[in-house]
Amino acid sequence: MSDCIFCKIIRGEIPSKKIYEDDEMLAFHDATPQSPVHFLLIPKRHIRNIMETEAADVFLLGTLLYRAQELAKILGCEENGVRFVVNCKKDGGQTVDHLHIHVLGGRSLDWPPG
Ligand code: 5GP
Ligand code: ZN
């Protein structure tokens with residue numbers, strides 16, 4: 001059993017504001033939102049980062065991204081758009097080693113990142 005923060009959220013050991021859940025994935029609001037809409041979508045299986053996925057995970061990855069855009073629409077981001085971010089390892093700014101998609105919307109975001 002993994003003691004990572006997001007696995008604890010999946011098991012309900014750490015509270016979260018859930019947006020969506022099914023057998024494979026969970027979406028919840030980020031604890032430190034960087035925009036009016038900022039939620040995370042994670043697989044329930046503990047995968048450390050996107051570089052540790054395998055060919056067998058292609059369908060899961062596609063489903064995560066598809067669900068992310070569906071939820072972004074439901075949360076009001078269809079008209080103005082949204083940003084999907086997957087940080088990976090140290091240089092990518094990943095701080096929680098459980099694969100997650102950030103969905104950021106509700107304001108105009110700068111590009112490129114610092
Ligand atoms: P990363 O930097 O790894 O891409 O993003 C991790 C994200 O997880 C951060 O935006 C951080 O605010 C969020 N986070 C970390 N711990 C918790 C927590 O316990 N609950 C929630 N809801 N979000 C968390
Ligand atoms: Zn985990």
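Our structure is the block above this text.
Overview of the structure. If you're wondering where the values come from, they're calculated on a predicted model, not measured in any experiment.

Further remarks concern the site of ligand 1. In the vicinity of ligand 1 lie 16 residues, with D30, N87, T95, H100 and H102 positioned nearest. Within the side chain of D30, an N or O atom sits 2.5 Å from an oxygen atom of ligand 1. Here an oxygen atom of ligand 1 and a side-chain polar atom of H100 are 2.8 Å apart. The protein chains hide 81% of the 520 Å² of surface that ligand 1 would expose on its own. Here ligand 1 is seated within the largest pocket. The leading source of residues in the shell around ligand 1 is helix 1 (residues 5–11), at three residues. Across the shell around ligand 1, the residue classes tally to seven nonpolar, eight polar and one charged.

Protein-derived ligands of the zinc ion (ligand 2) are C4 (SG), C7 (SG), H46 (ND1) and H98 (ND1), with the metal-ligand distances lying across 2.1 to 2.3 Å. Every donor counted, the four donor atoms about the zinc ion (ligand 2) form angles of 103 to 114 degrees at the centre, which fits tetrahedral coordination. Sequence positions of the residues that donate to the zinc ion (ligand 2) give the spacing C-x2-C-x38-H-x51-H. Here the residue C4 occupies a position in the segment before helix 1, and H46 occupies one in the loop between strand 3 (37–43) and helix 2 (58–74), the gap between them amounting to 42 residues. Judged by relative accessible area, H46 falls into the partly exposed class, the value being 31%.

Let's shift gears to the side chain of N49. Following the sequence through the fold, N49 ends up in the loop between strand 3 and helix 2. Within the local environment of N49, its side chain forms a polar contact with the backbone nitrogen of M51, the two atoms lying 2.8 Å apart. If sequence neighbours within four positions are ignored, N49 has contacts with C88, K89, Q94 and L99.

Procedures and definitions
- Residues numbered from 1 in each chain as written.
- Chains lettered and ligands numbered in written order.
- Predicted model: local features only at pLDDT ≥ 70, side-chain atom pairs only at ≥ 80, totals over all residues.
- Heavy atoms only, no water.
- Near = heavy atom within 4 Å.
- Polar contact = N/O pair within 3.5 Å; in protein donor to acceptor, adjacent residues only side chain to side chain.
- Areas by Shrake-Rupley, 256 points an atom, 1.4 Å probe, with all protein chains shown as cover.
- 1 Å grid on protein atoms, 1.4 Å probe; cavity = no way out; pocket = protein on both sides within 12 Å on 5 of 7 lines; lining within 4 Å.
- Sits in = over half its atoms within 2 Å of the grid points.
- Helix = DSSP H or I, 4+ residues; strand = E, 2+ residues; numbered from the N terminus.
- Nonpolar A, V, L, I, M, F, W, Y, C, P; charged D, E, K, R; others polar.
- Donors = N, O, S within 2.8 Å, 3.2 Å for Na, K, Ca; no water.
- Tetrahedral: all angles 85-135°; square planar, octahedral: opposite > 155°, others 65-115°.
- Buried < 20%, exposed > 50% of the residue type's maximum accessible area, 1.4 Å probe, protein only.
- Contact = heavy atoms within 4.5 Å.

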